[in-house]
Amino acid sequence: GDITATKVLIGEGARVNGGVVADHIVIRGTVTGSIRGREVELARTAKVQGDIQHESLAIEAGAHVDGALKHVAISTPGGGEAVPDHAHHGHTEASH
């Protein structure tokens, strides 16, 4: 199901099937669904299938994202209007 909160931590080995909306999101596990947050951090163990809307995005080497990355201005989690700034579509794998 969907998760809406102020802060969300998806731990390593955890799986979420649904959307995640929060001010601060840290993903170390697997998310299948859209993510919308003011600050989004993807750890090296993160696997995301779905679009990510963010104001700030950090991706560690090794994280997998299959979806669009969209920089937006976010007023409040789940509320306000998201205004797309730019978008990147496709599969992204961070590496050094």
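Residues numbered from 1 in each chain as written. Predicted model: local features only at pLDDT ≥ 70, side-chain atom pairs only at ≥ 80, totals over all residues. Heavy atoms only, no water.

**Remarks on the overall build of the protein chain**
- Scanning the protein chain for helices and strands turns up zero helices and twelve strands.
- Reading the protein chain from its N end, one meets helices and strands in the order β-β-β-β-β-β-β-β-β-β-β-β.
- Each of the 96 residues in the protein chain was classed as buried or not, and the buried ones make up 39%.
- Considering only contacts within the protein chain whose residues lie at least 6 apart along the sequence, 16% involve residues at least 24 apart.
- Within the structure as shown, the protein chain displays about 5,200 Å² of accessible surface, and the carbon and sulfur contribution to it stands at 48%. (Helix = DSSP H or I, 4+ residues; strand = E, 2+ residues; numbered from the N terminus. Buried < 20%, exposed > 50% of the residue type's maximum accessible area, 1.4 Å probe, protein only. Contact = heavy atoms within 4.5 Å. Areas by Shrake-Rupley, 256 points an atom, 1.4 Å probe, with all protein chains shown as cover.)

**A word on the pattern of salt bridges**
- Per the stated rule, a full pass over the model turns up three salt bridges.
- Notably, a salt bridge pairs Arg 38 with Glu 55, separated by 3.8 Å at the nearest N-O pair. Placement of the pair is Arg 38 in strand β6 (residues 35–42) and Glu 55 in strand β8 (residues 52–59), with a sequence separation of 17 residues.
- In this structure, the salt-bridge partner of Asp 51 is Lys 70, at a minimum N-O distance of 4.0 Å. In this pair, Asp 51 is assigned in the loop between β7 (47–49) and β8 and Lys 70 in strand β10 (residues 69–73), connecting sequence segments 19 residues apart.
- Taking the relative accessible area as the measure of exposure, Asp 51 reaches 33% and is therefore partly exposed.
- Overlapping salt bridges, with partners in common, bring together Asp 23, Arg 38 and Glu 55 in one network. (Salt bridge = Lys/Arg side-chain N within 4 Å of Asp/Glu carboxyl O.)

**Points about the confidence of the model for the protein chain**
- Within the protein chain, residue pLDDT values average 84, and 77% of them lie at 70 or more.
- Looking across the protein chain, the model is least confident in strand β11 (residues 83–88), with a mean pLDDT of 45, and most confident in β7, with 98.
- Here residues 77–89 is a poorly scored stretch, pLDDT under 50, and it has 32 contacts once near neighbours within four places are set aside; other chains count. (pLDDT = per-residue confidence, 0-100.)

**Points about the nonpolar core**
- One finds Val 20, Ile 25, Ile 27, Val 31, Ile 35, Leu 42 and Ile 52 to be the most contacted residues of the largest nonpolar core, which totals 17 residues.
- Going through the elements one at a time, β2 (7–10), β4 (20–27) and β6 are the ones with two or more residues in this core.
- For this core, the leading source of residues is β4, giving four residues.
- If near-sequence neighbours (up to four positions away) are discounted, Ile 35 is found in contact with Val 20, Ile 25, Ile 27, Val 40, Val 48, Asp 51, Ile 52 and Gln 53. (Core = buried A, V, L, I, M, F, W, Y, C linked by side-chain atoms within 4.5 Å.)

**Section: the pairing of β6**
- The pairing of β4 with β6 spans seven bridges and is parallel. The residue of β6 that forms the bridge with Val 26 is Glu 41.
- Of the pairings in the sheet, the one linking β6 to β8 comprises seven bridges and is parallel in character. Bridging from a neighbouring strand, Glu 39 pairs with Ser 56 of β8. (Pairing = 2+ DSSP bridges.)

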